[in-house]
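Okay, here's what each chain looks like letter by letter:
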Number of protein chains: 2
Amino acid sequence: MKQSILIAALAATLLAGPVVAQQSPAQTIVALRDKALTDPVSWDLLESLTTEIGPRPAGSPAQMRARDWGLAKLRALGFQNVHAEEFPVTSWERGVEFAEVTTPFPQKLALLGLGGSISTPPGGIEAEIVVFKAYADLLAAPAGSLTGKIAVVTQKMVRAQDGSGYGAINAARRAGASEAARRGAVAYLVRSLSTDDTRLPHAGAMNYTAGVAKIPAAAISTPDADLLDNMVRRGKPVKVKLVLNSISRDNAPAWNVVGEIPGTKPDEIILVGGHLDSWDAGTGAIDDGAGIAITTAAAHLAGQPNKPRRTIRVVMFGAEEMDYSGAAYSAAHKAENIVLISESDNGGDNIWSVRLPPGGREVFAPLASVFAPLKINIAADVAVGGGDDIRPLITATGAPSFNFRQDASRYFDLHHSADDTLDKVDPKQLNQNVAAWAALLYLAANSDQSFRKAP
Amino acid sequence: MKQSILIAALAATLLAGPVVAQQSPAQTIVALRDKALTDPVSWDLLESLTTEIGPRPAGSPAQMRARDWGLAKLRALGFQNVHAEEFPVTSWERGVEFAEVTTPFPQKLALLGLGGSISTPPGGIEAEIVVFKAYADLLAAPAGSLTGKIAVVTQKMVRAQDGSGYGAINAARRAGASEAARRGAVAYLVRSLSTDDTRLPHAGAMNYTAGVAKIPAAAISTPDADLLDNMVRRGKPVKVKLVLNSISRDNAPAWNVVGEIPGTKPDEIILVGGHLDSWDAGTGAIDDGAGIAITTAAAHLAGQPNKPRRTIRVVMFGAEEMDYSGAAYSAAHKAENIVLISESDNGGDNIWSVRLPPGGREVFAPLASVFAPLKINIAADVAVGGGDDIRPLITATGAPSFNFRQDASRYFDLHHSADDTLDKVDPKQLNQNVAAWAALLYLAANSDQSFRKAP
């Protein structure tokens, strides 16, 4: 190294200390981003949650352990006002489940009862199946046409980067049982809302339509749906026997777990989070341990080293899968000043785009160049709404939101199935998320701009 | 079309009939290859077997249906001397199985008992686990060091095109229980011999060493092996509860199903086949419905249109997974003149190489150019032995063999698991196999050369 360069380097080093305080927001978030990319917090949280707690459906004993885990982790990371907020849920616990084709080609089927489904009689239900290759075909079936039958929908879910294949087929899981029951069916099976070909069914919640007979409902794995398609193609009646067993309890306790980094204007709240509950077959790594890990790690970074102007609040929602925690949280907090809100609930793969809130766009101007190396674009359209846990609060308060869009291409290979385990998460992609969240949170929390649409 | 070309085309068409009989072997196998590439027989067989029969362990009622299926299919394809040869097996039927970590991090584990394992007591076994990240570490553990413990081996299987990762780790499944028992263990768990990351365990047979206490043994899924690694890394004792239940029956009947295309020299036999039995979790598509489909379809093609010189015999072996059918077949047939033998038991993906028998190499000379478009090379080394079902006969008779080498890169993602289903098979790759087998069988069956090594 030449002497002159050495002197220049030394001078730069000596100047570094005092200069930090004078950093522009753009410089600060570059440093935050780069720190986040190797920050161990998100992975440690996710590894801990999946290993030490595992599956944690709302209302289960495991969710109580998850609550205590959340409180302990938030406290250990220096969050303040750490507490759990209790609310009631109708819990749903899976019991023994079994299904088989009994005739003409006896073999077992892999299935998971849908959350909220009633049980079959103890001896099960055995009936001929009627297979619909599209959900629309079931909806087009006339009244009485399924009397005494088990209705089966085998429509395939489409893989898409934005996960939109899920919304397109979701009604088949949510509402299919009541639609089948309206037409006389005694049970309902749906091809798993999955983009994978593993023989692991994907669970998920369903709802009964008021005034329609309740019938048991379950998801079969994608290879089992293919199998039933192939069996019925032969033209002989195919009978399936189905045993589903579950226990539902009203007024079971669940908890939203909360921690804050209080701002100098503590009543201006930026609310972020994921959900702590999970389905029961996997360990809830991508759904939604990843969202818990990303938002907690990002808030932790964005609140350092100086106290932010606004409060950053992390909420670990306690009953997303059965649709309780968002409403409970909104009911308790709708009078607060939520200046910005978002959640992470689409796995741990890379973010590819962000939709910003309608107001105060100049605050986020530095993000464009900071996000470019992360391969995140700033979407031309603004954020509208959010996921299930923040939508009620947005509806109640009009709080502005931002939406990070993650690559969901493989999310629905794993989601709601036994395959939702830690090994499916890429730590590098997880930290790409943390970097983006931390940079955005820092700018929002250290601003005094409104993000609402200008009147 | 010009008049002159039309006349030439007509002349070619008129000449086609008589010319066929004069075709060189090379011309015939080019035509056979190209016919095989769109021949529907292999896929139809595989779709039928997996759909109409499904899983079919030796000794089970399903295997009796598989036997009848095999007899009917061979007859329908015009095979002669179609019959089933009964032999006794010790059957092993899976019952209720369950495993969970009880402390310090309670959660369920996904496992399958290994074929041949004893049951646990009805209430199960609960004990602290000792995890070995390599099987060699278990073998290095001193006597008495596992007293009262559940031994767990979490060594990962290596993915390889030639499937050699399986042989390298197979002893951990086959012999691990007795090795653990020698050191005092009360049960044994092994990471599934799998190259995949799905939470589906892979079954397989195990054997007890004479004179060593028998302990229950099961395979856990690969994510569960990772989970146990992560749990024990925390340094606290980890306890697992294990319930395994199975029924074994001695002298259960099983069958090798046989069909022939008799040659003009009927006593010179070319024996090919796959195995009809399967593990119980999947539908036995790649293991070994594919081998049944490939060899049956290829023999069917190679025996047309003229009677071959030698007999082509297809054997659907009835108890490969528990190692019975090869020995039974050899005992019954070792006095016959088996001039060439091979089996297909590595799935349905493309063949990339063939090892030819040591003698009569000039017979197979046309294969080089016929195989080139199929991307199959002729290996420099000669065939030695074969798989489990033909090895006893080779040992007893010295029969020469050939070995098609299939791409096994993804075979061990699926093998022995619930994921072994029809949707995993690519019909085009299946027919690439049929084309190669048909061409080779045609040459061998219409030759009078010996394929034994010249003395």
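Up top is the structure.
Okay, so let's go over this structure.

### Overview of the relation of the copies chain B and chain A
What relates the pair of chain copies is a rotation about an axis plus a shift along that axis.
Phase 1 of the analysis: In the superposition of chain B on chain A (RMSD 0.0 Å, axial shift 0.0 Å), the rotation amounts to 180°. The relationship between the two copies is best expressed as a two-fold rotation axis.

### As for helix H3 (residues 41-53) of chain A
Phase 1 of the analysis: Between the first and last C-alpha of H3(A) there are 17 Å, a value that for 13 residues agrees with the 18 Å anticipated at 1.5 Å per step.
Phase 2 of the analysis: Counting buried positions along H3(A) gives ten out of 13 residues, so the element sits mostly inside the fold.
Phase 3 of the analysis: Along H3(A), the residues that are buried comprise A:Val41, A:Ser42, A:Leu45, A:Leu46, A:Glu47, A:Ser48, A:Leu49, A:Thr50, A:Thr51 and A:Ile53.
Phase 4 of the analysis: At its buried positions, H3(A) is contacted by helix H4 (61-76), helix H9 (285-302) and helix H14 (427-445) of chain A together with strand E3 (107-109) and helix H8 (222-232) of chain B.

### Some remarks on empty space enclosed by the protein
It is a probe the size of a water molecule, rolled over the atoms, that shows where empty space is left.
All names here are of chain B.
Phase 1 of the analysis: In total, this model carries five cavities of 30 Å³ or more according to the counting rule given.
Phase 2 of the analysis: Considering only enclosed or pocket space, the largest cavity measures out at about 80 Å³ in volume.
Phase 3 of the analysis: Lining of the largest cavity is provided by 13 residues; of these, Ile-286, Gly-347, Gly-348, Asp-349 and Arg-410 occupy positions nearest its centre.
Phase 4 of the analysis: Counted as a void, the second largest cavity has a volume near 70 Å³.
Phase 5 of the analysis: Looking at the lining of the second largest cavity residue by residue, the class counts come to four nonpolar, three polar and four charged.

### Comments concerning the interface of chain B and chain A
Phase 1 of the analysis: Taken together, the contact between chain B and chain A spans 32 residues of the former and 32 residues of the latter.
Phase 2 of the analysis: In total, chain B and chain A occlude about 2,300 Å² of area from one another, counting both sides; carbon and sulfur atoms represent 48% of this.
Phase 3 of the analysis: Along the contact surface separating chain B from chain A lie six salt bridges.
Phase 4 of the analysis: B:Arg233 is the partner of A:Glu47 in a salt bridge, and the nearest nitrogen-oxygen pair spans 2.8 Å.
Phase 5 of the analysis: Put simply, chain B and chain A have 16 residue pairs in polar contact (both at pLDDT 80 or more) between them.
Phase 6 of the analysis: Those elements giving two or more residues to the side of chain B that touches chain A turn out to be helix H3 (41-53) and H8 of chain B.
Phase 7 of the analysis: No other element matches H3(B), which puts six residues into the side of chain B that touches chain A.
Phase 8 of the analysis: Its residues assigned to classes, the side of chain B that touches chain A comprises eleven nonpolar, ten polar and eleven charged.

### Let's talk about the side chain of B:His202
All names here are of chain B.
Phase 1 of the analysis: Structurally, the position occupied by His-202 is in the loop between strand E7 (187-191) and strand E8 (217-220).
Phase 2 of the analysis: With a relative accessible area of 2%, His-202 lands in the buried category.
Phase 3 of the analysis: Polar contacts involving the side chain of His-202 include one to the side chain of Ser-194, which spans 3.1 Å.
Phase 4 of the analysis: Among the polar contacts listed, one links the side chain of His-202 to the backbone oxygen of His-415, at a separation of 2.7 Å.
Phase 5 of the analysis: Among all residues touching His-202, those that are not within four sequence positions of it are Leu-112, Ser-192, Leu-193, Ser-194, Ala-219, Phe-412, Asp-413, Leu-414, His-415, His-416 and Ser-417.

### Things to note about the pairing of strand E8 (residues 239-261) of chain A
On a regular strand, each side chain points to the face opposite its neighbour's, so the side chains alternate between the two faces of the sheet.
Residues and elements named next belong to chain A.
Phase 1 of the analysis: Here 18 bridges tie strand E1 (residues 80-103) to E8, and the two strands are oriented antiparallel to one another. By the bridge assignment, Ala-84 is partnered in E8 with Val-257.
Phase 2 of the analysis: Here strand E4 (residues 125-132) pairs with E8 via four bridges, running antiparallel. Its bridge partner being in E8, Ile-125 is matched across the sheet by Leu-242.
Phase 3 of the analysis: Note: E8 against strand E10 (residues 310-317), five bridges, orientation antiparallel. The residue bridging Val-258 from the neighbouring strand is Val-315, located in E10.

### Regarding the pattern of salt bridges
Phase 1 of the analysis: On inspection of all chains with the given rule, the structure shows 46 salt bridges over all chains.
Phase 2 of the analysis: Between A:Arg313 and A:Glu336 there is a salt bridge whose closest N-O contact spans 2.8 Å. Pair noted here: A:Arg313 is in strand E10 and A:Glu336 is in the loop between helix H10 (325-333) and strand E11 (337-343), with a separation of 23 residues, a long-range link.
Phase 3 of the analysis: In this structure, B:Asp224 engages B:Arg199 in a salt bridge whose closest nitrogen and oxygen atoms are separated by 2.7 Å. Of this pair, B:Asp224 sits in helix H8 while B:Arg199 sits in the loop between E7 and E8, and the two are 25 residues apart along the sequence.

Reading the values: rules and limits
- Residues numbered from 1 in each chain as written.
- Chains lettered and ligands numbered in written order.
- Predicted model: local features only at pLDDT ≥ 70, side-chain atom pairs only at ≥ 80, totals over all residues.
- Heavy atoms only, no water.
- Least-squares fit on C-alpha atoms with pLDDT ≥ 70 in both.
- Helix = DSSP H or I, 4+ residues; strand = E, 2+ residues; numbered from the N terminus.
- Expected span 1.5 Å × (residues − 1).
- Buried < 20%, exposed > 50% of the residue type's maximum accessible area, 1.4 Å probe, protein only.
- Contact = heavy atoms within 4.5 Å.
- 1 Å grid on protein atoms, 1.4 Å probe; cavity = no way out; pocket = protein on both sides within 12 Å on 5 of 7 lines; lining within 4 Å.
- Points joined across faces, edges and corners; volume = space filled by probe spheres on them.
- Nonpolar A, V, L, I, M, F, W, Y, C, P; charged D, E, K, R; others polar.
- Buried area = accessible area lost by both parts, 1.4 Å probe.
- Salt bridge = Lys/Arg side-chain N within 4 Å of Asp/Glu carboxyl O.
- Polar contact = N/O pair within 3.5 Å; in protein donor to acceptor, adjacent residues only side chain to side chain.
- Pairing = 2+ DSSP bridges.

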